[in-house]
Amino acid sequence: MVADTIKTFIQSALTALDLGESEIKLDHPGDFAHGDYSTNVALALAKPLGKSPQDVAKLILTELEKTKLPEIEKIEIAGPGFINFYLSREFFTNEVAAILKAHENYGKNEILSGKKVMVEYTQPNPFKPFHIGHLMTNAIGESISRIVEYHGAKVIRANYQGDVGPHVAKAIYGLMKNPTPAELEAISAQALYIGECYAKGNDAYENDVEAKKEIDAINKKIYDRSEDKINELYDWGRGVTLAAFESLYTILGTKFDYSFFESEMAPIGLAIVNEYLEKGIFEKSDGAVVFHGEKYNPALHTRVFVNSQGLPTYETKELGLTKQKFAYENPDLSIVTTAVEQGEYMKVVKEAMRQIEPLWADRTMHITNGMMRLVSGKMASRKGNVVTGESLLNEAMQVILERVQGRAFTAFEREEVVTQVAVAAIKYAILRSAIGGDIVYDFDKSISFEGDSGPYLQYSATRAKSVLRKAEAEGIAIDAGQAPSQVSLLEHLLYRFPEIVVRAGESYAPHHIATYLIELASAFNSFYAETPIVDTTDEYSPYKIALTKSFTIVMKNGLGLLGIQVPEKM
């Protein structure tokens, strides 16, 4: 990357001036009139040297100007002592050629080459609806997985699902009291009905003492599989909801390498707790088994790992899951996406990991995300007013279908475009925001073909593809050899993509890519509106077409990192 070249260039000047090693920070000025890069190194060195920043900047500039780099057109001092670098016409022309050559590999790096990273995300629970919160963690986890892969790592995608526990017992209770109607043939309809039965079971659990006793008994029978009727309903309901989830994963573009289940992790975790109970890591308390996190870190608290009924809690299952992850793949890093309200709970679990096997804790990272809310408010599956991921996708598809009616699509093309645009609308609305905060999802804005939206990005890319088809029809070849002297805004942005990828990878933050793509799309649309691109009489038309092709490459690569596809036409 040219940024590395400039940093080395600056450090060489500092060495020649006997100013020693210094951390060199480069930023992009907000206005291109102030250059493509700016450094505050002179301001940082001024005080230790006992000189004004301006004087230090002049000293460094004089040294820099002794060497001519083809990537740099000019260097200037601005403000109190910033040093601004202007990239050359030659650099931008070469970068367009580099994008065309690298194509789908443009932006990739080898920072994590040889590393194995497991990413756990989505985590819906069988017997409960796949709500829009699961869409959120799926979008985040899939994007992080793709970004990490772009850094050269081998990524293992994992899904952890709660197929045992009180929620399952509540759903089974609801199904026992409300047999499934025979007319519910579709898997999605059956899964929705199971979710409704869960809500009814939860209501009974909270308001009926006898129902609560019955549900607690069902919960225990699920673990020991001691009753045929319960086993039958359990196996059917688990299969139906998992099949419904898989159909959504196909639409969302996710394929998991591992599907872990609480039912399988529970006995493994229980064995760990029992072993380390004897070693004093865990302690008995009022018939339960607990871990006193505050003994190891005053910021932590006590959590129950085995309840008074002898059943393992989520915490114990997490231990079993962690053991299995490292037994199967031994990843260099295990990333777990989780809701922000589970952050403190996960800290205690991680400390328990550290006391059992320090390597597990050292290699485990929790990335917390906030809640996803509709403009109308928060969802709550236990109350039955949950907005399912499928219903949101279907609603988006219906609106988009109406908008593309009458366009020259085959039936297959129309279905493909509608699905791709609906997924883009939802994923971009999630990924445009920094991870950690709540997201208020505005349906109308998300499906807009204008402004800050996924469909706008797709439309910009398909518009560029249309230009390329027109150029091909006119017989104008793509050629990055001869460029106009004036550097376009589009060129000032395209070369930054590899930097943005690195930034997103370092912070596991897809929103950096989303923000960049919006700026890039805006630049292309301005270029399209203001510049005749396909013109057989223009000597620079082949370069403009090369620039357009470069834009489609970067947009496709960037959207791919967000888990969004680019339709051929819209």
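Each value, and the rule that gives it
Residues numbered from 1 in each chain as written. Predicted model: local features only at pLDDT ≥ 70, side-chain atom pairs only at ≥ 80, totals over all residues. Heavy atoms only, no water. Helix = DSSP H or I, 4+ residues; strand = E, 2+ residues; numbered from the N terminus. Buried < 20%, exposed > 50% of the residue type's maximum accessible area, 1.4 Å probe, protein only. Contact = heavy atoms within 4.5 Å. Areas by Shrake-Rupley, 256 points an atom, 1.4 Å probe, with all protein chains shown as cover. Lys, Arg positive; Asp, Glu negative; His and termini not counted. Charge placed at Lys NZ, Arg CZ, Asp CG, Glu CD. Pairing = 2+ DSSP bridges. Axes fitted to C-alpha atoms, helices over the stretch in contact; angles between N-to-C directions.

(A) Molecular detail of the overall build of the protein. Helices and strands together make up the secondary structure of the protein, namely 21 helices and 14 strands. Its C-alpha atoms put the protein at 85 × 65 × 40 Å along the principal axes. Out of the 570 residues in the protein, the part that is buried amounts to 53%. At a minimum sequence separation of 6, the contacts of the protein that also span at least 24 residues come to 74%. Accessible area of the protein: about 25300 Å², with a carbon and sulfur share of 49%. A gap of 2 Å separates the mean positions of the 59 positive and 76 negative side-chain charges of the protein.

(B) Quick look at the sheet that holds strand β10 (residues 302–306). Judged by pairing direction, the sheet is antiparallel, and its three strands sit side by side in the order β8-β9-β10 without closing on themselves. A strand with exactly one partner marks an edge of an open sheet, and here the two such strands are β8 (283–285) and β10. Taken over all neighbouring pairs, the strand axes of this sheet differ in orientation by 45° on average, direction set aside. Across three bridges, β8 lies against strand β9 (residues 288–292) in antiparallel orientation. Counted as the bridge partner of Glu283 is Val290 from β9. Those strands touched by helix α10 (residues 262–278) are β8, β9 and β10, and its axis lies near 115° from that of β10.

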